[in-house]
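# An overview of the molecular structure
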Amino acid sequence: MLAPPLCVLLASVVSGRATISRLGVRSRPPIAGDGGPAPTSENAVLAEGAAEAEDGAMLLVRMQCPASVDGHYWSELLVDAGALFVSLSDGGRGTDAEQPIYHAHPPGESSAQLLERLPAETTPGHLTPVWSNTQLEVGFAPDVDVEATLLLAAAVAGETPPRFEVELLGARDWVSQVQSDWAPVELAGCLRILFPWHADSAGEGSGGALPPALQLQPGMAFGTGEHATTQLCVRGVHSLLAGGRLAGCDAMLDFGSGSGVVAFAALLFGCRRAVGVEIDPYALKVSRANAADNGMADRFVAVLPAEEAAHTVLA
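For clarity, every value in this text was computed on a predicted model and none was experimentally measured.

Scoring rules and cut-offs
- Residues numbered from 1 in each chain as written.
- Predicted model: local features only at pLDDT ≥ 70, side-chain atom pairs only at ≥ 80, totals over all residues.
- Heavy atoms only, no water.
- Phe/Tyr/Trp six-rings, centres within 6.5 Å; stacked < 30°, edge-to-face > 60°.
- Helix = DSSP H or I, 4+ residues; strand = E, 2+ residues; numbered from the N terminus.
- Buried < 20%, exposed > 50% of the residue type's maximum accessible area, 1.4 Å probe, protein only.
- Pairing = 2+ DSSP bridges.
- Axes fitted to C-alpha atoms, helices over the stretch in contact; angles between N-to-C directions.
- Contact = heavy atoms within 4.5 Å.
- Salt bridge = Lys/Arg side-chain N within 4 Å of Asp/Glu carboxyl O.
- pLDDT = per-residue confidence, 0-100.

### As for the packing of aromatic side chains
Inspection of every chain in the model, using the stated rule, returns 4 aromatic pairs. Aromatic side chains Phe264 and Phe300 sit 4.9 Å apart centroid to centroid with 65° between the ring planes, which places their arrangement in the edge-to-face category. Of this pair, Phe264 sits in helix α8 (residues 261-268) while Phe300 sits in strand β14 (residues 300-303), and the two are 36 residues apart along the sequence. Looking at Phe300, the relative accessible area reads 6%, which means it is buried. Following the ring pairs from residue to residue traces out a cluster consisting of Trp182, Phe195 and Trp197.

Rendered as structure tokens:
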């Protein structure tokens, strides 16, 4: 259920203290002679944050979703009221009250068998959309009046606004922060995937001697080696090439190659050459650069699907 168009309903409402728009309720100092009260300390903080907005500052608001409001609906309201993003999580995460809302297939069990043993409220059309204790983290621009914005969203939902806390996040180097938290990917006994900010240190890995390493810069292309499907493919290729029935394979076709990680793994495992096929020109550019960085440019070709036939040799 989509939220009502809050921004359309309130776009023309203007007062001496705030302007209501798609971007939320934005506080400003009163204009001389408008009779408005002097700025409060809270408004002073917001004004200070607004001055830093161009450097990446924002307000991070934490709250609990109103119990009688669906989390997705509340998120729509907040986004329509000017939120930059909304993140939902289980308030009982890590405790006995945690509520798993996704169900994995046990080995050998079909979808029909899974649905038969699940409660009726979790079957398609009755899926619990979010947790009963849904916690939200919401981002707003630094000059948004959070309390007024939540009041407006709650009025549309017909609910009492939730209690919340606000943290002013100063500007920071998000790229460096993400990189510092992004550890190398190691597939034990098979492959290490390092990124440009990692030092390729010598020594032993988790399984003894370090497996071969691949230096990867994914950019905006899919394929960092962290996804389970990528790891399954790499392990499968390793099993086939390292003494398996494809040992000594002359060429490999990686269809949907993304950053090139599976194709490069095949080259490390003994394949003589690899062809990566992608529909995204940017991914082709990224994979070619990764091939060059790993000394594989002469053994790797990245092409569009229409060019595949001219480069593919089945092994």
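### Details of the sheet that holds strand β11 (residues 213-215)
Ordered in space as β7-β8-β11, the 3 strands form an open sheet in which the pairing is mixed. What marks the edges here is a single partner per strand, and that holds for β7 (185-187) and β11. Neighbour-to-neighbour, the strand axes of this sheet turn through a mean angle of 15°, independent of strand direction. Taken together, the 3 bridges between strand β8 (residues 191-194) and β11 define a ladder with parallel strand orientation. By the bridge assignment, Ile193 is partnered in β11 with Leu214. Contacting β8 and β11, α8 crosses the sheet at an angle of about 140° to β11.

### Re the sheet that holds strand β3 (residues 58-64)
In any sheet, the strands associate via hydrogen bonds between backbone groups, in a parallel or an antiparallel arrangement. Spatial ordering of the open sheet is given by β4-β5-β3-β6, a layout of 4 strands whose pairing is antiparallel. With partners counted over all chains shown, the strands left at the sheet margins are β4 (85-90) and β6 (164-169), one partner each. Within the sheet, the average angular offset between the axes of one strand and its neighbour, ignoring direction, is 20°. Bridging between β3 and strand β5 (residues 134-140) involves 6 bridges; their strand directions are antiparallel. Across the sheet, the residue bridging to Val61 is Val138, located in β5. Most of the contacts of helix α3 (residues 71-80) go to β4, to which it runs at about 160°, and overall it touches β3, β4 and β5. Here helix α5 (residues 146-157) sits on the sheet and contacts β3, β5 and β6; the angle it forms with β6, its principal contact strand, is near 135°.

### A closer look at the environment of Phe269
Assignment of secondary structure puts Phe269 in the loop between α8 and β13 (273-277). A C-alpha to C-alpha distance of 9.3 Å links Phe269 and Ser239, two positions 30 residues apart in sequence. The contact partners of Phe269, leaving out residues within four places of it in the chain, are Cys190, Leu191, Pro212, Val234, Val237, His238 and Leu241.

### Some points on the pattern of salt bridges
Across all of its chains, the model carries 3 salt bridges by this definition. Where Arg62 meets Glu137, a salt bridge forms, and the shortest distance between an N and an O atom there is 3.2 Å. Highlighted residues: Arg62 in strand β3 and Glu137 in strand β5, separated in sequence by 75 residues. Note that Arg62 and Glu167 form a salt bridge whose closest N and O atoms lie 3.1 Å from each other. Here the residue Arg62 occupies a position in strand β3, and Glu167 occupies one in strand β6, the gap between them amounting to 105 residues. Residues joined in a network through salt bridges with shared partners are Arg62, Glu137, Glu165 and Glu167.

### Details of the confidence of the model for the protein
Of the residues in the protein, 68% have a pLDDT of 70 or more, and the chain-wide mean is 74. Taken together, the stretch residues 1-24 has pLDDT below 50 and engages in 54 contacts with residues farther than four places along the chain or on a different chain. Per-residue pLDDT stays below 50 along residues 121-128; that stretch engages in 9 contacts with residues further than four places along the chain or on separate chains.

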